[in-house]
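Chain and residue survey
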Amino acid sequence: MAQIIIENVRKDFGSFNAVKSSSFTVEDGEFFMLLGPSGCGKTTTLRMMAGLELPTSGEIYIDGEEVGQKPASQRDIAFVFQMFALYPHMNVGKNISYPLLSQGMPKAQVKKKVHEIAEILGITEILNKPVGSLSGGDRQRVALGRAIVRDPKAFFMDEPLGALDAEFREHMSEELRALHDRIGATTVYVTHDQLEAMQMGDKIVVMNHGSIEQFGVPQDIYDWPASKFVAQFLGSPPMNLLEFNGMVDIGAKQVRMGDITMDIPPSLEGANGALSFGIRPEHVKLDDSARYRGRVKAVEYLGTTQIVLLDTPNGVLKARLPSSDPVTIGATTGMIFDPRTITLFDSQTGKALR
Ligand code: ATP
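As recorded by an unreviewed UniProt entry, the protein carries the name ABC transporter, ATP-binding protein and is attributed to Reinekea forsetii.

Below is the structure:
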């Protein structure tokens, strides 16, 4: 097991700066997510942590040892790729035992270890089967078996479930998390899927254009996004962002928008009134007596809940309501927001004001 510290790590490919100076710590035993859209630099960050790419500058510590310029083979780590690279001509047992045999471990010990791992992964029954005959899920289990059999200090996974269909993906992500909880090894996991990151991660780093936008536990990132980017990257549908101007009453140290009056956070003073008002769809309540009003434009039925699209004076706002709530398209209604669930952003910088 291992603590991993990233300190001012930067990566340039020629003149292109793929990862800007980044710092964060992965604690021992954590399931740690690198989350962001395509091209944001998450894979490059993971590859630098694993030793598959060397940083242009900065330091990487694994268990207190600076390994930034060391190759993967000298870092005692294991990598699980999206396209689970197994040896097709070998059976399951041989695929899992290969890393140990190539390290020179005695055969009897290898056999014992492979059976232990097969037990953990629930693949004892298929140890003698050729990998070519297996389903996607079983292949993924074998790939995991091959990664964990060496007891590495840390695991690095780059979208390991990316090739699976949605239903199976959810099942495997639960299995992967349960496996991690059983063996407790530090795991760093790359994904572009915000739901996967929130479901599986102890901590999340959200990246955008090579920079860290936010770092923390899933709930804090979801509830208190540090930027408009994070507010819109997490959540389905994402956080509503309504742009408004000139509604900040600096003198009274309050923000007013329709019925809502909020105390101004100290950082907001001098923000000049160009703000974005952020609220998650599940925090919008409809109340006919409210002064802030909108017109129901459309309704998306989602089973137990429905997403109601409202035309407001500041743009379209989405509310997530129980499907049993009666809603009429074309009707006008009032909206209320609990001030504790609102995040304000500086419209220009996109940063949250606290
Ligand atoms: P994806 O999910 O699409 O892989 P990502 O967030 O993992 O995206 P990276 O693969 O880290 O992003 O790539 C970040 C940026 O660096 C991209 O613009 C990519 O084109 C560029 N890049 C990555 N590897 C190289 C390379 N070897 N040479 C040049 N540019 C590269």
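In contact at an axis separation of 10 Å, helix H3 (residues 107-121) and helix H4 (residues 136-148) are set at 135° when each is read in the N-to-C sense. Relative to H4, the element H3 is oriented oblique. When the axes of H3 and H4 are compared, the crossing they make is right-handed. The residues of H4 that touch H3, namely those facing Ile117, Ala118 and Leu121, are Arg141, Leu144, Gly145 and Ile148. Residue composition of the contact of H3 with H4, by class: five nonpolar, one polar and one charged.

Turning next to the sheet that holds strand E8 (residues 186-191). Strand order in the open sheet formed by six strands is E6-E7-E8-E3-E9-E10, with mixed pairing between adjacent strands. Of all the strands in the sheet, just strand E6 (77-80) and strand E10 (211-216) have a single pairing partner and so form its edges. Within the sheet, the average angular offset between the axes of one strand and its neighbour, ignoring direction, is 15°. Of the pairings in the sheet, the one linking strand E3 (residues 31-35) to E8 comprises five bridges and is parallel in character. For leucine 34, the partnering residue across the bridge sits in E8 and is valine 190. Relative to E6, H4 is tilted by about 165°, and along the sheet it contacts E6 and strand E7 (154-158).

This next bit is on the sheet that holds strand E17 (residues 293-301). Across the sheet, five strands lie side by side as E16-E20-E17-E18-E19; this open sheet has antiparallel pairing. The sheet terminates laterally at strand E16 (284-286) and strand E19 (315-322), the two strands that pair on one side only. Here the average twist between neighbouring strands, direction ignored, is 50°. Where E16 lies against strand E20 (residues 332-337), three bridges are found, and the strand directions are antiparallel. Within E20, the residue paired with lysine 285 across the bridge is isoleucine 336.

In the vicinity of the ligand, the residues found are Phe13, Phe16, Ala18, Gly36, Ser38, Gly39, Cys40, Gly41, Lys42, Thr43, Thr44 and His192. Mapped onto the shell around the ligand, the elements with two or more residues apiece are strand E2 (16-26) and helix H1 (42-50). The dominant element in the shell around the ligand, judged by the number of residues it contributes, is H1, at three residues. A per-class count over the shell around the ligand returns four nonpolar, seven polar and one charged.

Per the domain assignment, the segments of the protein are domain 1 (4-228) and domain 2 (231-353). Taken over C-alpha atoms, the centre of domain 1 sits 38 Å from the centre of domain 2. Opposite the 10 residues of domain 1 that make contact, domain 2 presents 14 residues. Secondary structure elements with two or more residues in the side of domain 1 that touches domain 2: helix H6 (194-200) and helix H7 (218-223). In terms of residue class, the side of domain 1 that touches domain 2 is made up of seven nonpolar, two polar and one charged.

In this section: helix H2 (residues 92-102). Taken together, the buried positions of H2 are Val92, Gly93, Asn95, Ile96, Ser97 and Leu100. At the C-terminal side of H2, glycine 104 shows a positive phi close to 90°.

Now for the packing of H2 against H3. The interhelical angle for the contact between H2 and H3, taken along N-to-C directions, is 130°, at an axis separation of 10 Å. Looking at the two axes, H2 sits oblique to H3. Taken as a pair, H2 and H3 cross one another with a handedness that is right-handed. Contacts between H2 and H3 involve Gly93, Ile96, Ser97, Leu100 and Leu101 from the former and Val110, Lys113, Val114 and Ile117 from the latter. Its residues placed into classes, the contact of H2 with H3 shows six nonpolar, two polar and one charged.

Time to look at the environment of aspartate 151. By the secondary structure assignment, aspartate 151 is in the loop between H4 and E7. Residues aspartate 151 and lysine 297, 146 residues apart in the sequence, show an inter-C-alpha distance of 56 Å.

What counts, and at which threshold
- Residues numbered from 1 in each chain as written.
- Predicted model: local features only at pLDDT ≥ 70, side-chain atom pairs only at ≥ 80, totals over all residues.
- Axes fitted to C-alpha atoms, helices over the stretch in contact; angles between N-to-C directions.
- Helix = DSSP H or I, 4+ residues; strand = E, 2+ residues; numbered from the N terminus.
- Parallel < 35°, antiparallel > 145°, perpendicular 65-115°, else oblique.
- Left-handed = near helix turned anticlockwise from the far one by under 90°.
- Contact = placed C-beta atoms within 7 Å.
- Nonpolar A, V, L, I, M, F, W, Y, C, P; charged D, E, K, R; others polar.
- Pairing = 2+ DSSP bridges.
- Near = placed C-beta within 6 Å.
- Domains from an automatic or database assignment.
- Buried ≥ 20, exposed ≤ 12 C-beta atoms within 10 Å, placed from the backbone.

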